[in-house]
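Now for the letters of each chain:
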Amino acid sequence: MTTLLSAQNVSKELMARFPDMVVESSGSAVLVKSQALLEVAAFLKATPGLDLDYLTLMTVVDYLDYFEVVYLLTSLQHNHSLTLKTRLFDRDNPSLASVVGLWKGADYQEREVYDMFGIKFVGHPNLKRLFLWEGFQGYPMRKDYL
Amino acid sequence: MAIKTEPFVVNVGPQHPSTHGVFRMRMVMDGETIVDMEPVFGYLHRGVEKIGETRTYTGCIPLTDRMDYLSAPANNLAYVMAVEKLAGVKAPERAQYIRVIMGELARLASHSMAVGSFLNDLGAMATPLVYMWREREKILDLLEMTCGQRLTSNYMRVGGVSQDLPEEFTPAVKKFVVEMPRFIDEYDQLIKDNEIVLARTKGVGVLSKEMAVSIGASGPVLRGSGVKWDIRKSDPYAVYDRMQFDIPTGTAGDCYDRYRVRVEEMRQSVRILEQALAQLPQGEVRAKVPQRLRPPAGAAYGHIEGPKGELGFYVVSDGSVAPYRFHIRAPSLINLSALREMVIGWKIADAIVTFGSIDICLGEVDR
């Protein structure tokens, strides 16, 4: 069975390294501040014992007050997984650091998120719409898109 | 006198027999060599995730049929597993076995299509494909027998399956299980040492182990690159923990290895079918679940080893009758991430073969 890492244990390590950046940890999900996302992700990937080298999926949930970006990370070596989350409160111009440098699989998934939610990924090599055409108005997966 | 040259662009697709649907490769060529390639898709985008937000949890199941329409029961399964996790429902044992049987039949159907059309892409026009279709037809007959549908099965339900297997199903699968291995051997004999197949696929479209992990590849694409990773083993669902089977892997990560992995997996699927049939218990096939299911607020991720890779559903509930959000982890889309790197430096004909060896379904890529 794939073990779900305890978010509490992981966030202890994270808090020692990135003070004030962990907002919440419950179950197997760690919520961090968006400005620390890239560093935290790099830490989770590279730290021996965690080795979260496989990005299972990334997606976004729109809660109207904020966007919650979800990364599901897995370690093929240890067969364990962890959910990394962050929140973006700026609805007009949401942006976040891209993790393509860490996991190449984030390329299309970040483009899909950009396409559907309008979140800009800073540092993405080719950020443009994935499914819809350039010139499409609005971001259809947002909850207030009609 | 120096000849002036400049790169030019070739569009393969969207309407092209080898793109398995509507998919476009925008290739920048230097003579006959590909110097850059940009995949363009979205032609089949229907907004399944958005439509799902307006439907009940059960009402979303038919939407999943239409993603990877070559293996509909597998899609159903991944979705209902995520909802069951969210709602805390457990399917009865007989239903778990039926799920394994359906999942493996779906894998066999999808893989026969994959290797058949792969050979078609190689230029073995129609013959291998029609051989494979012949066998796939038997699987579709079995699906039709079970739920009345050949492609869009809509068979799984939250808490079990929609109806019990009919009486004639078990003898029919038993017959199929006896015949299938012989057929796979016959087919594989035609292909595996064929000189043209070897020349066209060995060392072509190599995906390194590191790259495969980095792009989040899964299924035969990941295993073809030598990573022994299969959700059925690493995170067993239904009753896979009671089944004996091996995980075939490749070594070189080329088109040939991906083909070999698929053929071996078909053999393993037959093995699993044999065991599941032998162990199939009697009993209920559906747990009691309220008609208007309202899972408690929260999020859950359910995943299976689908024919094309890790198929997962991330479902978020707000306590109402419709999912607040559901996201599909489509293996076809993610496996495509490395296509560009895999085809640069090769010829168009090799790009077609490489693309075919990834085995995607555009219904799932675009959703």
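Above this text is the structure in question.
Trainee: Describe the interface of chain A and chain B, and please don't skip the residues or the numbers.
Mentor: Of the residues lining the interface, 39 residues belong to chain A; the matching set on chain B comes to 36 residues. Together, the buried faces of chain A and chain B total about 3,100 Å²; carbon and sulfur atoms form 59% of this surface. When the buried surface of chain A facing chain B is broken down by residue, Tyr-54, Tyr-108 and Phe-131 of chain A rank first, second and third, together holding 22% of it. The salt bridge involving Glu-112 of chain A is made with Arg-367 of chain B; its shortest N-O contact spans 3.2 Å. At the level of secondary structure, the elements contributing two or more residues to the side of chain A that touches chain B comprise strand S4 (54-62), strand S5 (67-75) and helix H3 (106-117) of chain A. For the side of chain A that touches chain B, the leading source of residues is S4 of chain A, giving nine residues. For the side of chain A that touches chain B, the per-class residue count stands at 23 nonpolar, eight polar and eight charged.

Trainee: Can you lay out the sheet that holds strand S8 (residues 325-329) of chain B for me, pointing to particular residues and giving the numbers?
Mentor: All names here are of chain B. Taken together, three strands build an open sheet; the order of strands is S6-S7-S8 and the sheet is antiparallel. The open sheet has two free edges, formed respectively by strand S6 (298-306) and S8, since each of these has just one partner strand. Strand-to-strand twist in this sheet, taken as the mean axis angle between neighbours without regard to direction, amounts to 10°. Two elements, S6 and strand S7 (residues 309-317), share nine bridges in a ladder whose sense is antiparallel. Bridging across to S7, Gly-302 finds its partner in Phe-313.

Trainee: Give me the lowdown on the pattern of salt bridges, citing residues and values where you can.
Mentor: Residues and elements named next belong to chain B. Across all of its chains, the model carries 37 salt bridges over all chains by this definition. Arg-267 is the salt-bridge partner of Asp-185, the closest N and O atoms lying 2.9 Å from each other. Of this pair, Asp-185 sits in helix H6 (residues 169-192) while Arg-267 sits in helix H11 (residues 255-279), placing them 82 residues apart in sequence. By relative accessible area, which is 37% here, Asp-185 ends up partly exposed.

Trainee: So, the packing of helix H1 (residues 7-17) of chain A against helix H2 (residues 37-46) of chain A: which residues are in play, and what are the values?
Mentor: The description of two packed helices rests on the angle between their axes and on the distance between the axes. Residue and element names in this part refer to chain A. Following both chains from N to C, one finds H1 and H2 inclined at 125°, their axes separated by 11 Å at the closest point. Relative to H2, H1 is oriented oblique. Crossing hand, H1 versus H2: right-handed. The residues of H2 that touch H1, namely those facing Val-10, Glu-13, Leu-14 and Arg-17, are Val-40, Phe-43 and Leu-44. In terms of residue class, the contact of H1 with H2 is built from five nonpolar, no polar and two charged.

Trainee: Which residues make up the sheet that holds strand S2 (residues 24-30) of chain B, and what values do they have?
Mentor: Residues and elements named next belong to chain B. The antiparallel open sheet is built from three strands, whose spatial order is S1-S2-S3. Looking at strand neighbours, the two that pair on one side only are strand S1 (8-12) and strand S3 (33-40), the edges of this open sheet. For this sheet, the mean inter-axis angle between neighbouring strands, taken without regard to orientation, is 25°. One ladder, built from five bridges, connects S1 with S2; its direction is antiparallel. Pairing of Asn-11 across the sheet is with Arg-26, part of S2. Packing of helix H14 (residues 348-358) onto the sheet brings it into contact with S1, S2 and S3, and relative to S2 it is tilted by some 150°.

Trainee: Lay out the environment of Ser-112 of chain B with the relevant residues and their values.
Mentor: Residue and element names in this part refer to chain B. Relative to the elements of secondary structure, Ser-112 occurs in helix H4 (residues 93-122). Residues Ser-112 and Ile-184 lie 72 residues apart in sequence; the distance between their C-alpha atoms is 9.5 Å. Within the structure, the side chain of Ser-112 is placed 3.2 Å from the backbone oxygen of Ala-109, a separation counted as a polar contact.

Trainee: Please set out the pairing of S5 of chain A residue by residue, giving values where relevant.
Mentor: Residues and elements named next belong to chain A. Counted residue by residue, S5 has nine buried out of nine residues, so it is predominantly covered. Side chains Phe-67, Val-69, Tyr-71, Leu-73 and Ser-75 of S5 all project onto a buried face; the interleaved residues Glu-68, Val-70, Leu-72 and Thr-74 project onto the opposite face, where all are buried too. Here S4 pairs with S5 via eight bridges, running antiparallel. Bridging from a neighbouring strand, Met-58 pairs with Tyr-71 of S5. Hairpin geometry of S4 and S5 is characterised by an intervening segment of four residues between the two adjacent antiparallel strands and by a positive phi of about 70° at Leu-64.

Trainee: Give me the nonpolar core: which residues, what numbers.
Mentor: As a rule of thumb, nonpolar side chains are buried together in soluble globular proteins. Residues Leu-44 and Tyr-71 of chain A together with Phe-313 of chain B are the most contacted members of the largest nonpolar core, which totals 153 residues. Ranked by the residues each element gives to this core, the list is headed by H4 of chain B, at 13 residues. Setting aside chain neighbours within four positions, we find Phe-313 of chain B in contact with Thr-64, Met-67, Asn-75, Ala-78, Tyr-79, Ala-82, Ala-300, Tyr-301, Gly-302, Phe-326, His-327 and Ile-328 of chain B. Listed in part, the eight residues of the second largest apolar core include Val-61 and Val-70 of chain A together with Tyr-314 and Val-316 of chain B.

Conventions used here
- Residues numbered from 1 in each chain as written.
- Chains lettered and ligands numbered in written order.
- Predicted model: local features only at pLDDT ≥ 70, side-chain atom pairs only at ≥ 80, totals over all residues.
- Heavy atoms only, no water.
- Contact = heavy atoms within 4.5 Å.
- Buried area = accessible area lost by both parts, 1.4 Å probe.
- Salt bridge = Lys/Arg side-chain N within 4 Å of Asp/Glu carboxyl O.
- Helix = DSSP H or I, 4+ residues; strand = E, 2+ residues; numbered from the N terminus.
- Nonpolar A, V, L, I, M, F, W, Y, C, P; charged D, E, K, R; others polar.
- Pairing = 2+ DSSP bridges.
- Axes fitted to C-alpha atoms, helices over the stretch in contact; angles between N-to-C directions.
- Buried < 20%, exposed > 50% of the residue type's maximum accessible area, 1.4 Å probe, protein only.
- Parallel < 35°, antiparallel > 145°, perpendicular 65-115°, else oblique.
- Left-handed = near helix turned anticlockwise from the far one by under 90°.
- Polar contact = N/O pair within 3.5 Å; in protein donor to acceptor, adjacent residues only side chain to side chain.
- Core = buried A, V, L, I, M, F, W, Y, C linked by side-chain atoms within 4.5 Å.

Note that all results are geometric; they support no functional claim without further evidence.
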